[in-house]
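# Observations on the three-dimensional arrangement
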Amino acid sequence: MEEKRKITAEMIGAGIRRLRLEHGETQQELGEYLGYGATTVANYESGYRLPDLETFFAIVLHYDADLKDFI
């Protein structure tokens with residue numbers, strides 16, 4: 001039986017950080033786009049918090065990303 005790979009908050013956060021840096025944005029700039037502060041983005045990127053589904057999809061669309069970019 002194939003073992004399922006667990007998706008963690010840290011994996012999602014690392015994907016957000018990588019995409020943000022690839023697009024030359026600061027945490028403040030991404031936060032402003034999402035309607036949050038830089039601290040919220042920092043919490044996402046560290047894996048301390050997960051974005052809600054609506055926010056996560058806003059990030060995916062903002063960077064024209066694929067869900068595979070986060071796992």
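Here's a quick rundown of the structure. Numbering of residues begins from 1 in every chain and follows the order in which that chain's sequence is written. For a predicted model such as this one, the threshold for reporting local features is a pLDDT of at least 70, and the threshold for listing and counting side-chain atom pairs is 80 or more; totals across whole chains, interfaces and linings nevertheless cover every residue. As a rule here, side-chain values come from all non-hydrogen atoms in the structure, and water together with hydrogens is ignored.

### So, the overall build of the chain
Within the chain, the secondary structure is distributed over 4 helices and 0 strands. Within these notes, the globule rule equals 2.2 Å times the number of residues to the 0.38 power, and the radius of gyration is based on C-alpha atoms. In terms of overall dimensions, the chain is globule-like: its C-alpha atoms have a radius of gyration of 12 Å, near the 11 Å expected for 71 residues. Along the longest, intermediate and shortest principal axes, the C-alpha atoms of the chain span 45 × 25 × 20 Å. The contact rule is simple, with two residues in contact once any of their heavy atoms fall within 4.5 Å. When contacts within the chain are restricted to residue pairs at least 6 apart in sequence, long-range pairs at least 24 apart make up 59% of them. If you sum the accessible surface of the chain, you get close to 4,900 Å²; carbon and sulfur atoms cover 52% of it. Numbering of helices and strands starts at the N terminus; helices are DSSP runs of H or I of at least 4 residues and strands are runs of E of at least 2. Here, Shrake-Rupley sampling with a 1.4 Å probe gives the accessible areas, and only protein chains in the shown set may cover a residue.

### Examining the environment of Tyr44
Along the chain, the position of Tyr44 falls in helix α3 (residues 38-46). Expressed as a C-alpha distance, the spacing of Tyr44 and Gly15, which sit 29 residues apart in the sequence, is 9.9 Å. Once you skip the residues sitting within four places of it in the chain, Tyr44 turns out to touch Ala9, Gly13, Ile16, Tyr36, Arg49, Leu50, Pro51 and Thr55.

### Observations concerning the packing of helix α2 (residues 27-34) against α3
Running from N to C, α2 and α3 cross one another at 105 degrees; their axes reach a closest spacing of 7 Å. When the axis of α2 is compared with that of α3, the two are roughly perpendicular. Between α2 and α3, the contacting residues are Gln27, Gln28, Leu30 and Gly31 on the first element and Ala38, Val41, Ala42 and Glu45 on the second. Three classes are used: nonpolar for Ala, Val, Leu, Ile, Met, Phe, Trp, Tyr, Cys and Pro, charged for Asp, Glu, Lys and Arg, and polar for all others, with Gly counted as polar. Residue composition of the contact of α2 with α3, by class: 4 nonpolar, 3 polar and 1 charged. Geometry is summarised by axes, namely lines fitted to C-alpha atoms with helices restricted to the contacting stretch, and by angles between N-to-C directions that run from 0 to 180 degrees. For classification purposes, an angle smaller than 35 degrees is called roughly parallel, one larger than 145 roughly antiparallel, one from 65 to 115 roughly perpendicular, and anything else oblique.

### Focus on helix α1 (residues 9-22)
Under the 1.5 Å per step criterion, the end-to-end length of α1 is 20 Å for 14 residues, consistent within 8% with the ideal 20 Å. Think of it in three bands: with a 1.4 Å probe and only protein chains considered, a residue is buried below 20% of the maximum accessible area for its type, exposed above 50%, and partly exposed in between. Within α1 the residues assigned to the buried category are Ala9, Ile12, Gly13, Gly15, Ile16, Leu19 and Arg20. For α1, the buried positions fall inside an angular range of 160 degrees around the axis, keeping them on one side. Summarising the contacts, the buried residues of α1 are in contact with α2, α3 and α4 (53-62). Trailing α1 by a residue or two, Gly24 shows a phi angle of about 65 degrees, which is positive. Here the expected span of a helix is defined as 1.5 Å times the quantity of residues minus one. The arc in question is the one traced by the directions running from the helix axis out to the C-beta atoms.

### Some thoughts on the packing of aromatic side chains
Pairing of aromatic rings covers Phe, Tyr and Trp, the last through its six-membered ring, and needs centres within 6.5 Å; plane angles under 30 degrees mean stacked, over 60 mean edge-to-face, and all others mean tilted. Applying the stated rule across the entire model yields 2 aromatic pairs. Taking the centre distance of 5.9 Å and the plane angle of 65 degrees together, the rings of Phe56 and Phe57 count as edge-to-face. With a centroid separation of 4.9 Å and an interplanar angle of 65 degrees, the aromatic rings of Phe56 and Phe70 are classed as edge-to-face. Residue Phe56 is located in helix α4, and its partner Phe70 is located in the segment after α4; the two are separated by 14 residues in the primary sequence. Feature note: the residues Phe56, Phe57 and Phe70 constitute an aromatic cluster, connected by ring pairs.

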